[in-house]
Amino acid sequence: MPELPEVETARKLIADEALYRRIVGVDDADTFVCRPHSPGELRDALTGRVLTAARRRGKTMWCETSGVSKAAEPGPDLGIHLGMGGRIIVTSKSGQSFEGGGPSRRDAQPRKPEWNRFTLDFADGGSLVLFDKRRLGRIRLNPDIDALGPDAADVTAAEFRGLITKGSIAVKARLLDQSKLAGVGNLLADEVLWKAKVSPAARTASLQRKDADRLYRALESALESATAKGGVHTGDVIAARHPGGTCPRCGAEMIHGTVGGRSTWWCSREQAPSPGAVG
Ligand SMILES: [Zn+2]
């Protein structure tokens, strides 16, 4: 599932390849991906404009759009969410394609045209496509960004300390709460907790300042590494998240359980829950 680093690759792709190309056609016929918009609504709102900026907070991405003429007011923001496995494909005017988003599958079956859930056609002959086999991505105008917490790549140490120690729930659940911190998904949360040697079930209120600061440094380094290496699947502990897996740092057995409603793996030795952890 695309987390912050994957969505950032898609955002950067749009910023590098899709801005200032005039939109002459919009395929918005997929009423599920484009809900609540009805067919033709996105076409009418976007035709004649160009994308002027690609932005992101957490896993939500949006593009600013121009006015239809130079004098006109800017257009609506085009929100793009990659869902559980969506990718952005931008085709240049010479027909070359570039992709960003979740990791591309080596075993990729031939791609079916119906998996192109949303398309912008540009005047130069190229296009921008949301390719999404699982159909869990989402396109919508003016997405609600205010409901999201600070972006995990931009949050300051002080903001992070405040949000990670408040209340009394499992720290993993807090890391996954997009309204508190935007961009961390299941794999990144396990990687960060493992790097910081914190039990996923530790209660937020029980975290000391040194724990919060260790988690913050782990978040920064996990994001940096995943962005450089092409996705959260490249994290140090991810390959050990399976039965019989051992901790790549100390060699102890990895344990599996459900924390914060999600499948979770942790090191039996270095991340053992202390008394009072969420059971
Ligand atoms: Zn370990």
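Residues numbered from 1 in each chain as written. Predicted model: local features only at pLDDT ≥ 70, side-chain atom pairs only at ≥ 80, totals over all residues. Heavy atoms only, no water.

Before going further, it helps to spend a moment on the overall build of the protein. When its secondary structure is counted, the protein shows six helices and eleven strands. Rg of the C-alpha trace for the protein: 21 Å, near the compact-globule value of 19 Å for 279 residues, within the 12% margin. When the 279 residues of the protein are sorted by exposure, 51% land in the buried category. Put simply, 63% of the contacts in the protein that link residues at least 6 apart link residues at least 24 apart. Charge centroids of the protein, computed over 41 positive and 34 negative side chains, lie 4 Å from each other. (Helix = DSSP H or I, 4+ residues; strand = E, 2+ residues; numbered from the N terminus. Rg over C-alpha atoms; globule rule 2.2 N^0.38 Å. Buried < 20%, exposed > 50% of the residue type's maximum accessible area, 1.4 Å probe, protein only. Contact = heavy atoms within 4.5 Å. Lys, Arg positive; Asp, Glu negative; His and termini not counted. Charge placed at Lys NZ, Arg CZ, Asp CG, Glu CD.)

This part takes up the coordination of the zinc ion. The coordination sphere of the zinc ion contains the protein donors C247 (SG), C250 (SG), C267 (SG) and E270 (OE), at a distance range of 2.0 to 2.3 Å. Here the zinc ion binds four donor atoms, and the angle range of 99 to 120 degrees at the metal identifies the geometry as tetrahedral. (Donors = N, O, S within 2.8 Å, 3.2 Å for Na, K, Ca; no water. Tetrahedral: all angles 85-135°; square planar, octahedral: opposite > 155°, others 65-115°.)

Attention now goes to the layout of surface pockets. Of the pockets and cavities examined, the second largest pocket occupies roughly 240 Å³. Taken together, 14 residues form the lining of the second largest pocket, with T60, H81, R140, P143 and D144 sitting closest to its centre. When contributions to the lining of the second largest pocket are tallied by element, the ones reaching two or more residues are strand 3 (60-65), strand 4 (78-81) and strand 9 (138-141). Of the residues belonging to the lining of the second largest pocket, the class tally is five nonpolar, five polar and four charged. (1 Å grid on protein atoms, 1.4 Å probe; cavity = no way out; pocket = protein on both sides within 12 Å on 5 of 7 lines; lining within 4 Å. Points joined across faces, edges and corners; volume = space filled by probe spheres on them. Nonpolar A, V, L, I, M, F, W, Y, C, P; charged D, E, K, R; others polar.)

Structurally, K59 can be placed in the loop between strand 2 (51-57) and strand 3. Despite its burial, K59 pairs with no opposite charge, the nearest such side chain being E3 at 5.9 Å. Each residue touching K59, except ones within four places of it in the same chain, is listed here: M1, P2, E3, L4, V7, H81, Q178, G183, V184 and G185. (Salt bridge = Lys/Arg side-chain N within 4 Å of Asp/Glu carboxyl O.)

Looking now at unusual backbone geometry. Along the chain, R35 connects to P36 via a cis peptide bond; the corresponding omega equals 5 degrees. Non-glycine residue N142 carries a positive phi angle of around 45 degrees. Residue placement: N142 occurs in the loop between strand 9 and helix 3 (157-165). Although it is not a glycine, K197 sits at a positive phi angle of roughly 55 degrees. Of note, K197 is situated in the loop between helix 5 (186-196) and helix 6 (209-229).

This part covers the packing of aromatic side chains. All told, the structure shown has two aromatic pairs when counted by the stated rule. Measuring from centroid to centroid gives 5.6 Å for F160 and Y216, while their planes differ by 45 degrees, and the two rings are tilted. Here the residue F160 occupies a position in helix 3, and Y216 occupies one in helix 6, the gap between them amounting to 56 residues. Take F160 and Y216: they sit in the same class, and that class is buried. Of note, R35 hangs over the ring of F32, and the distance from its end group to the ring centre comes to 4.3 Å. When the ring centre of F131 is taken as reference, the NZ or CZ atom of R111 above it lies at 4.3 Å. (Phe/Tyr/Trp six-rings, centres within 6.5 Å; stacked < 30°, edge-to-face > 60°. Lys NZ or Arg CZ within 6 Å of the ring centre and 35° of its normal.)

What follows covers the packing of helix 5 against helix 6. Packing of helix 5 against helix 6 brings their axes to within 8 Å, and their N-to-C directions diverge by 125 degrees. When the interaxial angle is binned, helix 5 and helix 6 end up oblique. Like other packed secondary-structure pairs, helix 5 and helix 6 cross with a definite hand, here right-handed. Across the interface between the two elements, L188, E191, V192, L193, K195 and A196 from helix 5 touch R214, L215, A218, L219, S221, A222 and L223 from helix 6. (Axes fitted to C-alpha atoms, helices over the stretch in contact; angles between N-to-C directions. Parallel < 35°, antiparallel > 145°, perpendicular 65-115°, else oblique. Left-handed = near helix turned anticlockwise from the far one by under 90°.)

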